[in-house]
Amino acid sequence: RYSRRTAPVPVRMPVGVLFTKIALAQETSCGGTAAGQWYCWGNNNLGVMGNGVNGGVHLVPTPAAGGLSFIDFSISDFGACGLTATGNAMC
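Residues numbered from 1 in each chain as written. Predicted model: local features only at pLDDT ≥ 70, side-chain atom pairs only at ≥ 80, totals over all residues. Heavy atoms only, no water.

A. Local environment of the sheet that holds strand β7 (residues 89-90). The antiparallel open sheet is built from three strands, whose spatial order is β5-β6-β7. The open sheet has two free edges, formed respectively by β5 (72-75) and β7, since each of these has just one partner strand. (Pairing = 2+ DSSP bridges. Helix = DSSP H or I, 4+ residues; strand = E, 2+ residues; numbered from the N terminus.)

B. Just the nonpolar core, in detail. Formed by Ala23, Ala25, Cys30, Trp38, Cys40, Val48, Met49, Phe70, Phe73, Ile75 and Ala80, the largest nonpolar core amounts to eleven residues. Elements represented by at least two residues in this core include exactly β3 (38-43) and β5. When near neighbours in sequence (up to four residues on either side) are disregarded, alanine 80 contacts Val48, Phe73, Ser74, Ile75, Met90 and Cys91. (Core = buried A, V, L, I, M, F, W, Y, C linked by side-chain atoms within 4.5 Å. Buried < 20%, exposed > 50% of the residue type's maximum accessible area, 1.4 Å probe, protein only. Contact = heavy atoms within 4.5 Å.)

C. Spatial organisation of the sheet that holds β3. The four strands lie next to each other as β1-β2-β3-β4, forming an open sheet whose pairing is antiparallel. Edge strands, defined here as strands with exactly one partner in the open sheet, are β1 (21-24) and β4 (57-63). Neighbouring strand axes in the sheet, compared pairwise and without regard to direction, differ in orientation by 15° on average. As judged from the four bridges shared by β3 and β4, these two strands associate in the antiparallel manner. Each bridged residue has a counterpart across the sheet, and for asparagine 43 the counterpart in β4 is valine 57. (Axes fitted to C-alpha atoms, helices over the stretch in contact; angles between N-to-C directions.)

D. Representation of unusual backbone geometry within the structure. A positive phi angle is found at leucine 46, which is not glycine, with a value near 65°. Within the secondary structure, leucine 46 sits in the loop between β3 and β4. Overall, the relative accessible area of 52% leaves leucine 46 in the exposed class.

E. Main features of the pairing of strand β6 (residues 80-83). Because side chains alternate across β6, one face comprises the buried residues Ala80 and Gly82, and the other comprises Cys81 and Leu83, none of which is buried. Direction of pairing for β5 relative to β6: antiparallel, over a ladder of four bridges. In the sheet register, isoleucine 75 faces β6, and the bridge partner there is alanine 80. Where β5 hands over to β6, the hairpin turn is made up of four residues, counted between the paired strands. By the bridge criterion, two bridges tie β6 to β7 in an arrangement that is antiparallel. Paired with leucine 83 across the strands is alanine 89, a residue of β7. Hairpin connection from β6 to β7: five residues lie between these consecutive antiparallel strands, with glycine 87 at a positive phi of about 90°.

F. Here's a closer look at the packing of aromatic side chains. For the coordinates displayed, the defined rule picks out four aromatic pairs. Centroid distance phenylalanine 19 to tyrosine 39: 6.0 Å. Interplanar angle 50°. Geometry classified as tilted. Taken together, the residues span a long stretch of sequence, with phenylalanine 19 in the segment before β1 and tyrosine 39 in strand β3 at a distance of 20 residues. By relative accessible area, which is 13% here, tyrosine 39 ends up buried. Taken together, a centroid distance of 5.7 Å and an interplanar angle of 0° make the contact between phenylalanine 19 and tryptophan 41 stacked. Here the residue phenylalanine 19 occupies a position in the segment before β1, and tryptophan 41 occupies one in strand β3, the gap between them amounting to 22 residues. Judged by its relative accessible area of 21%, phenylalanine 19 falls in the partly exposed class. Here a set of aromatic residues connected by ring pairs shows up, and it is made of Phe19, Tyr39 and Trp41. (Phe/Tyr/Trp six-rings, centres within 6.5 Å; stacked < 30°, edge-to-face > 60°.)

This is how it looks when you write it as structure tokens:
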């Protein structure tokens, strides 16, 4: 279970994963690696995390489904989109 915090707490990172970018929504956060892999954690309401699952709370960053790489990524409370190196938007 997750709870609201009044001070920063460390994210339980998957082994060997380092983020170079962060994207935030109200109850979901995502981080991107230098290789363009995106991981999300928090509330997966409406499947916003893009991990192939609808619902649930994920306390550990979970990779986005499909094995895609993104040069940029954005997330809101109702969806997420990534931009591939070839200029394709995936949402």
